[in-house]
Amino acid sequence: EDRFTFHQDDLKYKHIDIKHKPITNACIFFIMDVSGSMTKQKKYLARSFFFLLYHFIRSKYEKTEIIFVAHDTRPYETDEDKFFNRGTGGGTMVSPAIEYVIDQAHKRYNPQSWNIYSFHCSDGDNWGDDMNKTIDANLKLKEICQFYGYCEITPEDERIRWQNGSTLA
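Fair warning: this is a prediction, and the values are worked out from it, not measured in the lab.

## A closer look at the overall build of the chain
Thought 1: On a plain count of helices and strands, the chain comes out with four helices and seven strands.
Thought 2: Secondary structure elements of the chain occur, N-terminal to C-terminal, as β-α-β-β-α-α-β-α-β-β-β.
Thought 3: Sorting the 169 residues of the chain into buried and exposed places 40% on the buried side.
Thought 4: A sequence separation of at least 24 residues applies to 74% of the contacts in the chain between residues at least 6 apart.
Thought 5: For the chain, the accessible surface area stands at approximately 10,900 Å², while carbon and sulfur atoms represent 51% of it.

## Re the packing of aromatic side chains
Thought 1: Enumeration over the complete set of coordinates arrives at 14 aromatic pairs.
Thought 2: Note on phenylalanine 119 and phenylalanine 147: the rings are 5.8 Å apart at their centroids and 40° apart in plane angle, and the pair reads as tilted. With phenylalanine 119 in strand E4 (residues 115-122) and phenylalanine 147 in strand E5 (residues 147-153), the pair connects residues that are 28 residues apart, well separated along the chain.
Thought 3: Assessed through its relative accessible area of 2%, phenylalanine 119 is described here as buried.
Thought 4: An aromatic cluster of at least three residues, connected via ring pairs, comprises Phe30, Phe49, Phe50, Phe68, Phe83, Phe84, Phe119 and Phe147.

## Here we look at the packing of helix H3 (residues 95-108) against helix H4 (residues 131-144)
Thought 1: Direction vectors running N to C along H3 and H4 enclose 25°, while the axes themselves pass 8 Å from each other. Relative to H4, the element H3 is oriented roughly parallel. H3 and H4 meet at a crossing whose hand is left-handed. Residue-level inspection shows Ser95, Ile98, Glu99, Val101, Ile102, Ala105 and His106 of H3 in contact with H4, the latter providing Lys133, Thr134, Ala137, Asn138, Lys140, Leu141 and Ile144.
Thought 2: Of the residues contributing to the contact of H3 with H4, the split by class is seven nonpolar, four polar and three charged.

## Details of the pairing of strand E1 (residues 25-33)
Thought 1: Burial of E1 is extensive: eight of the nine residues sit out of reach of the surface.
Thought 2: For the crossover that starts at E1, traverses helix H1 (residues 40-58) and ends in the parallel strand E2 (residues 63-71), the hand is right-handed.

## Structural notes on the nonpolar core
Thought 1: Counting 24 residues, the largest nonpolar core has Phe30, Met32, Phe50, Phe83 and Phe119 as the members making the most contacts within it.
Thought 2: Contributing elements (two or more residues each) for this core: E1, H1, E2, helix H2 (80-85), E4 and E5.
Thought 3: Counting residues per element, this core draws most heavily on H1, at seven residues.
Thought 4: Dropping the residues within four chain positions of it, phenylalanine 83 is found in contact with Phe30, Ile31, Met32, Val34, Phe50, Phe68, Val69, Ala70 and Thr78.

## Here's the deal with the confidence of the model for the chain
Thought 1: Per-residue pLDDT for the chain has a mean of 83; in total, 78% of the residues score no lower than 70.
Thought 2: Within the chain, the element-level pLDDT minimum falls on strand E7 (residues 167-168), averaging 48, and the maximum on H3, averaging 96.
Thought 3: Note on residues 164-169: pLDDT is under 50 here. Beyond four places in sequence and across chains, it has nine contacts.

Parameters and conventions
- Within each chain, residue numbers correspond to sequence positions counted from 1 in written order.
- Reporting in this predicted model follows two pLDDT cut-offs: at least 70 for local features of residues, and 80 or more for side-chain atom pairs to be given and counted; totals over whole chains, interfaces and linings ignore these cut-offs and use all residues.
- Think of the side-chain values as coming from all heavy atoms in the structure, minus any hydrogens and water.
- Per the convention used, a helix needs a DSSP run of H or I reaching at least four residues, while a strand needs a run of E reaching at least two, with both numbered from the N terminus.
- For every residue, the accessible area (1.4 Å probe, protein chains only) is compared with the maximum for its type, and the residue is labelled buried under 20%, exposed over 50%, or partly exposed between those bounds.
- Residue contacts are defined here by distance: any two heavy atoms, one from each residue, within 4.5 Å place the two residues in contact.
- Accessibility throughout is a Shrake-Rupley quantity obtained with a 1.4 Å probe, and a residue counts as covered only by protein chains that appear here.
- Any two rings among Phe, Tyr and Trp, with Trp reduced to its six-membered ring, count as a pair given centres within 6.5 Å; such a pair is stacked if its planes are under 30 degrees apart, edge-to-face if over 60, and tilted if neither.
- Between the N-to-C directions of two axes lies an angle of 0 to 180 degrees, each axis being a line fitted to C-alpha atoms and, for a helix, fitted only over the stretch in contact.
- Throughout, the term roughly parallel applies to angles under 35 degrees, roughly antiparallel to angles over 145, roughly perpendicular to angles from 65 to 115, and oblique to all others.
- Helix crossings fall into two classes, left-handed where the near helix is turned counterclockwise from the far one by less than a right angle and right-handed where it is turned clockwise.
- We call Asp, Glu, Lys and Arg charged. Ala, Val, Leu, Ile, Met, Phe, Trp, Tyr, Cys and Pro are nonpolar, and the rest, Gly among them, are polar.
- When the strands point away from the viewer, a crossover counts as right-handed if the path from the first strand over the helix to the second runs clockwise.
- Nonpolar cores are built from buried Ala, Val, Leu, Ile, Met, Phe, Trp, Tyr and Cys residues. Side-chain atoms within 4.5 Å join them into one set.
- On a scale of 0 to 100, pLDDT captures the predictor's confidence in every residue.

Written as structure tokens, this is what we have:
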């Protein structure tokens, strides 16, 4: 009298099929120079640029988080309203902002689990002695991002100039 029956198939070794699940989370760091040289018009162009990027990236992922990082000589995280409407009167130092984004990306959004995007809008001003630090920080940030973009809003004609020199009116 078998109370517990089993079949020969029950004795077969079953390999576990590993199914790779695509990462469905994205984090976007919007970085903007809010120093005195960033006029209301320049901020409007930056906002338009960020708006289009956000909607494109959001359409590709289940969950998308946005972090607004404003900077003059120091970085600070802020909400959307202050990001686009608040200005300061100081100079511009870029490397602390980029280093802040790298630090926050590692602390809050593991690059192995999140798709990280970073976009920086500025009029191109930076302290001369900060340029090498800025270049090094940008190279580090680029390594953890799916895409990292820099948009320079030129002071002379208020057009957006891409890194490669092409322009967008």
